[in-house]
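Residue strings, one per chain:
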Protein chains: 2
Amino acid sequence: MSADKSRKSERPLSELLRVPTGPVSMADFDPSATPGYPGEGKADADGRTAALGPEISDLQERLYAAGRTTPDAAPRLLVVLQGMDTSGKGGVIRHAISLIDPQGVDLTSFKAPTKEELSHHYLWRIRKALPGPGKVGIFDRSHYEDVLVVRVMSLVPEDVWSPRYDEINEFEAELAAGGTTLIKCMLNVSFEEQRNRLAERLEDPSKHWKYNPGDVDARKLWPAYMEAYAAALEKCNTDAAPWYVIPSDRKWYRNWAVAELLREKLAALGLGWPAADFDVEVEKRRVTDS
Amino acid sequence: MSADKSRKSERPLSELLRVPTGPVSMADFDPSATPGYPGEGKADADGRTAALGPEISDLQERLYAAGRTTPDAAPRLLVVLQGMDTSGKGGVIRHAISLIDPQGVDLTSFKAPTKEELSHHYLWRIRKALPGPGKVGIFDRSHYEDVLVVRVMSLVPEDVWSPRYDEINEFEAELAAGGTTLIKCMLNVSFEEQRNRLAERLEDPSKHWKYNPGDVDARKLWPAYMEAYAAALEKCNTDAAPWYVIPSDRKWYRNWAVAELLREKLAALGLGWPAADFDVEVEKRRVTDS
């Protein structure tokens, strides 16, 4: 680490937040940590997040351009957002994902499956929502619900959900092989901070619509959810599709971290600009004469 | 008009940019005008556009909340973006529409229709893309292509396209009656400025991918396109679904104007926050005890 606090950590954020391989316990992750954050804290974080905008915008436009000019060969990005209620999936979309040109984003919010969706394999609706060439897909919840809420609430028997981890690994390996970079983010909020955020929603009439009495009931199942998250983070943490745990008790850190991960992964694509498929000098003359 | 240049015009922008009823000629609109702009010009415009963000964000969240809590009664917004090549439909999305939370936006870019789309009525694909309750729909091109490029290029005979103006009016009246506020924007770029922008794309290798030699050929049809635009603006300019012409030779004005129109139309919905459908005091105790 540099002595200069304003400098970025020398290790990329993706290394700092990557879930280590091996057994996982959610107790190992501190929801209030701020690994890799190069600034002072809350006071400068919104500015630092916004300051990532121009670079993200430039990199994403290269990706978009590749999608438009060579769709068969263009990479794709897929950001998977998972987390308990109030962890801030919506906040991340509003503050980090909004740095990307809306034209380049394919956003899907997965709710409880419809009757039609339930009549298909659980990956059916997921496959339908995958990002197009050159696009950044955002999944607000995802196929992981099929090993999270489904497991905790016993919506299907164990012999149905337990093979899904392997199946998800195969599915994600297939996506990666097809040129999709996966950024799977578990927004890690603490049990105590969730209580604070629910209480805040009740204090503020402009937030009542976000409050659902069922959220309090779900808190009784917190340990079961943590166990289910640990299983998903442990079993589906491949090099092709790694998991990142984003400490999310501090909203400013959470938003910055997702934006920085996005920047890092876009930069790693190493994309240039598509070459002209026309004679530039000829066209210059044609435009001048037009 | 106020003597203080920094004050907003007393007339809302929607009045200043509204196409007057009666005969329309595109020559009546100055593409380099800046009606209603309250500031100095280019120097402060990006800041003024960005400064609309918090109010747009607050208003749009009310709309979104209505969509989530009372979907059957929630209003919707639909921004229709039309304009010649380089007029800046993409730029408006990147700089103005991006002020809205991505969760609240349903963006559709209409390209040349596919074989399947052509096998249906031309409004079929349009209806499929209409915004959901509480959403802001953005159409990058729209059903107006069916009386613009289709008319200019004679893609169907006149007796097919000419009844479409009435049909579009009926369709839009139906949308308005169902609670959709339409904001139809014609981004008005001049023939000369289009030449400059095409030339810029050729000068800058990072913009080559946006250049299409066919765009120069299309310039030969400029008068025919202006005639087709005038017809659409004249025949489909109803109170339920009015047209706005956005002077677009100055990108900074164009972006600010669309953002300000959006702010004005969102504010006109007069939305409050949904009332709680639970006992707030009871829930406060439940959260504290959880």
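Residues numbered from 1 in each chain as written. Chains lettered and ligands numbered in written order. Predicted model: local features only at pLDDT ≥ 70, side-chain atom pairs only at ≥ 80, totals over all residues. Heavy atoms only, no water.

Caption draft 1: Geometry of the interface of chain A and chain B. On the chain B side, the residues contacting the 44 residues of chain A number 44 residues. Here chain A packs against chain B, burying approximately 4000 Å² in sum over the two surfaces, 62% of which is carbon and sulfur. Close ionic contact of A:Arg286 with B:Asp217 constitutes a salt bridge, the shortest N to O distance being 2.6 Å. There are 19 residue pairs in polar contact (both at pLDDT 80 or more) connecting chain A and chain B. Of all the elements, helix H3 (residues 53–69) of chain A adds the most residues to the side of chain A that touches chain B, at seven residues. (Contact = heavy atoms within 4.5 Å. Buried area = accessible area lost by both parts, 1.4 Å probe. Salt bridge = Lys/Arg side-chain N within 4 Å of Asp/Glu carboxyl O. Polar contact = N/O pair within 3.5 Å; in protein donor to acceptor, adjacent residues only side chain to side chain. Helix = DSSP H or I, 4+ residues; strand = E, 2+ residues; numbered from the N terminus.)

Caption draft 2: Here's a closer look at the packing of aromatic side chains. With the rule as written, the count across this model stands at 20 aromatic pairs over all chains. Aromatic side chains A:Trp161 and A:Tyr165 sit 6.4 Å apart centroid to centroid with 85° between the ring planes, which places their arrangement in the edge-to-face category. Per residue, the accessibility class of A:Trp161 equals that of A:Tyr165, and both read buried. Seen from their ring centres, A:Trp209 and B:Tyr64 are 5.9 Å apart, and the 75° between their planes marks the pair as edge-to-face. One end of the pair, A:Trp209, is in the loop between helix H10 (191–203) and helix H11 (214–219); the other, B:Tyr64, is in helix H3 (residues 53–69), on a second chain. (Phe/Tyr/Trp six-rings, centres within 6.5 Å; stacked < 30°, edge-to-face > 60°. Buried < 20%, exposed > 50% of the residue type's maximum accessible area, 1.4 Å probe, protein only.)

Caption draft 3: Highlighting the relation of the copies chain A and chain B. Rotating chain A by 180° about the axis while translating it 0.0 Å along that axis superimposes it on chain B, leaving an RMSD of 0.0 Å. Those values place the two copies in the arrangement expected of a two-fold rotation axis. The residues that chain A uses at the interface reappear at the interface of chain B in 100% of cases, marking a shared surface. (Least-squares fit on C-alpha atoms with pLDDT ≥ 70 in both.)

Caption draft 4: Local environment of helix H2 (residues 42–51) of chain B. Residues and elements named next belong to chain B. Of all the residues in H2, the buried ones are Asp44, Ala45 and Thr49. The buried side chains of H2 occupy one side of the element, clustering within an arc of 145° when seen end-on. Facing away from the buried side of H2 by more than 90 degrees, the exposed set consists of Ala43, Asp46 and Ala51. Summarising the contacts, the buried residues of H2 are in contact with H3, helix H4 (89–95) and helix H13 (251–268). (Arc of directions from axis to C-beta.)

Caption draft 5: Representation of the packing of helix H14 (residues 280–289) of chain A against helix H10 (residues 191–203) of chain B in the model. It is the contact of H14(A) with H10(B), at a shortest axis distance of 10 Å, that shows an interaxial angle of 165°. When the axis of H14(A) is compared with that of H10(B), the two are roughly antiparallel. The two elements H14(A) and H10(B) meet at a crossing, and its hand is left-handed. Within the contact between the two elements, H14(A) uses A:Val280, A:Glu283, A:Lys284, A:Val287 and A:Thr288 and H10(B) uses B:Arg195, B:Leu198, B:Ala199, B:Leu202 and B:Glu203. Residue classes in the contact of H14(A) with H10(B) are distributed as five nonpolar, one polar and four charged. (Axes fitted to C-alpha atoms, helices over the stretch in contact; angles between N-to-C directions. Parallel < 35°, antiparallel > 145°, perpendicular 65-115°, else oblique. Left-handed = near helix turned anticlockwise from the far one by under 90°. Nonpolar A, V, L, I, M, F, W, Y, C, P; charged D, E, K, R; others polar.)

Caption draft 6: Representation of the sheet that holds strand S2 (residues 105–109) of chain A. Residues and elements named next belong to chain A. The five strands lie next to each other as S2-S3-S1-S4-S5, forming an open sheet whose pairing is parallel. Edge strands, defined here as strands with exactly one partner in the open sheet, are S2 and strand S5 (243–247). Strand after strand, the sheet turns through a mean of 20° between neighbouring axes, direction not considered. The pairing of S2 with strand S3 (residues 136–140) spans five bridges and is parallel. (Pairing = 2+ DSSP bridges.)

Caption draft 7: Geometry of the packing of helix H2 (residues 42–51) of chain A against helix H13 (residues 251–268) of chain A. Residues and elements named next belong to chain A. H13 packs onto H2 with a crossing angle of 30° between their chain directions and a minimal axis gap of 9 Å. One finds that H2 runs roughly parallel with respect to H13. The two elements H2 and H13 cross, and the hand of that crossing is left-handed. Residues Lys42, Ala45, Asp46, Arg48 and Thr49 of H2 lie in contact with H13, whose contacting residues are Trp252, Asn255, Trp256 and Ala259. Its residues placed into classes, the contact of H2 with H13 shows four nonpolar, two polar and three charged.

Caption draft 8: Geometry of the pairing of strand S1 (residues 76–83) of chain B. All names here are of chain B. Counting buried positions over the eight residues of S1 gives seven, a clear majority of the element. As defined by bridge partners, S1 adjoins strand S4 (residues 180–188) across eight bridges and the pair is classed as parallel. Among the inter-strand pairings, Arg76 is bridged to a residue of S4, identified as Thr180. Examined bridge by bridge, S1 and strand S3 (residues 136–140) share five bridges and lie parallel to one another. Counterpart to Val79 in the pairing with S3 is Ile138.

Caption draft 9: Focus on the sheet that holds S1(B). Residue and element names in this part refer to chain B. Strand order in this open sheet of five strands is S2-S3-S1-S4-S5, and the pairing throughout is parallel. Because the sheet does not close on itself, it has two edges, and the strands there are strand S2 (105–109) and strand S5 (243–247). With direction set aside, neighbouring strand axes in the sheet form an average angle of 20°. Lying on the sheet, helix H9 (residues 164–177) is in contact with S1 and S4; it crosses S4 at an angle near 130°. Lying on the sheet, H13 is in contact with S1, S3, S4 and S5; it crosses S5 at an angle near 150°.

Purely geometric numbers; function is a separate question.
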